[in-house]
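Architecture at a glance
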Amino acid sequence: MSRPALVTGFEPYGGRGRNPAGEVAARLDGREVAGVRVVGRNLPVKFAALDEAVAATLAEVDPAAVISLGLCPGEAVIRLERVAINVADFEIPDNEGLVLIDRPLDAAGAAARFATLPLRRVQETFLAAGIPARLSNSAGTYLCNKALYRFLDAIERRGKAVPCGFIHLPYVPEQVAGMIAELQAARSIERNRRPDIPSMSLDLMVEGVRLALEVTLAQTPP
């Protein structure tokens, strides 16, 4: 039996009641893409616990490919991340209240690690399917960046050629509608002006990640 593909999301964070990344991973869990079973898992938004979660998930699933997902508030399109850097520098606390500034992820580790997904091909496939997407040269310095760095590092240590990368997702429309309603109730915006907060349907994001898996698995030996 072929090894499964792993898709990870994150639990809600930053006071938000939901996280599209975790919902997409849950939607894909148990599906089959290109003849390969997909395993969806959620990761904690906790700096200390994330290392163990990455290692335990890789040991449990032994995946043929890994795509991690995260929310990027304010992003208008799906963002395909090229690189993770060896630093944690938080704008907001994690879910345990931790704030880190200029903290190396690994004092002895590489300064940066590059994703190994066929990102250009994935983007071309998205655009051909009418799904807006762009390549990005920074996964940030929060837990999304750390997840990509740790997955790439752990896969290298395991000695298996496993394509791995990170995809940032926008808000879903329901989240933006809720934000606008809260702002209006608080009289925080003028009646004829609305905050410019982009979003994307969850169904479109699920289809995008499915296509990313399909493209990746097509170039991955069984």
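As shown above, the structure is provided for reference.
Every residue gets a number counted from 1 within its own chain, in the order that chain's sequence is written. Per-residue local features of the predicted model are confined to residues with pLDDT of at least 70, and side-chain atom pairs are confined, for both listing and counting, to 80 or more; whole-chain, interface and lining totals are unaffected and use all residues. Side-chain descriptors were evaluated using all non-hydrogen atoms of the structure, hydrogens and water having been removed beforehand.

**A look at the sheet that holds strand β4 (residues 65-71)**
We apply this condition: Any two strands between which DSSP finds at least two bridges are classified as paired. Elements are defined by DSSP. Helices are runs of H or I of four residues or more, strands are runs of E of two residues or more, and each kind is numbered from the N terminus. Note on contacts: a residue pair is in contact if any heavy atoms of the two residues lie within 4.5 Å. Here an axis means a line fitted to C-alpha atoms, over the contact stretch when the element is a helix, while the angle between two N-to-C directions is reported on a 0 to 180 degree scale.
Strand order in the open sheet formed by seven strands is β2-β3-β1-β4-β9-β5-β8, and the pairing between neighbours is mixed. The strands lining the two open edges of the sheet, one partner per strand, are β2 (32-33) and β8 (133-136). As judged from the four bridges shared by strand β5 (residues 78-81) and β8, these two strands associate in the parallel manner. Bridge assignment links Leu80 to a residue of β8, and that residue is Leu135. Set on the sheet, helix α2 (residues 47-61) makes contact with β1 (5-10), β3 (36-43) and β4; between it and β3 the angle comes to about 160 degrees. Running over the sheet, helix α3 (residues 119-128) touches β5 and β8 and is turned about 160 degrees from β8.

**With respect to the packing of aromatic side chains**
Test applied: Aromatic pairs are defined between Phe, Tyr and Trp rings, using the six-membered ring for Trp, whenever the two ring centres lie within 6.5 Å; interplanar angles under 30 degrees are classed as stacked, those over 60 as edge-to-face, and all others as tilted. Whether a residue is buried, partly exposed or exposed follows from its accessible area with a 1.4 Å probe, protein chains only, as a fraction of its type maximum: under 20%, in between, or over 50%, in that order.
Counting across every chain of the model gives three aromatic pairs. Summarising the aromatic geometry, the rings of Tyr13 and Tyr142 are spaced 5.8 Å apart at their centres and angled 45 degrees between planes, so their arrangement reads as tilted. Taken together, the positions of Tyr13 in the loop between β1 and α1 (20-28) and Tyr142 in the loop between β8 and α4 (143-158) put the pair 129 residues apart, joining distant regions of the chain. For Tyr13, a relative accessible area of 9% puts it in the buried group.

**Here's the deal with α1**
Three or four residues apart is the spacing at which side chains of an α-helix point the same way, because the helix has 3.6 residues per turn. We apply this condition: By the criterion applied in these results, polar contacts are pairs of N or O atoms within 3.5 Å in which, for protein atoms, one can donate a hydrogen and the other can accept it, and in which residues neighboring in sequence qualify only through two side-chain atoms.
When we look at burial in α1, the residues that qualify are Pro20, Ala21, Gly22, Val24, Ala25 and Leu28. Buried-residue contacts for α1 involve β1, β3, β4, β9 (164-169), α5 (173-185) and α6 (202-218). N-cap assignment for α1: the residue whose side-chain oxygen lies 3.0 Å from the backbone N of Ala21 is Asn19. With its phi angle positive at about 90 degrees, Gly30 sits one or two positions after the end of α1.

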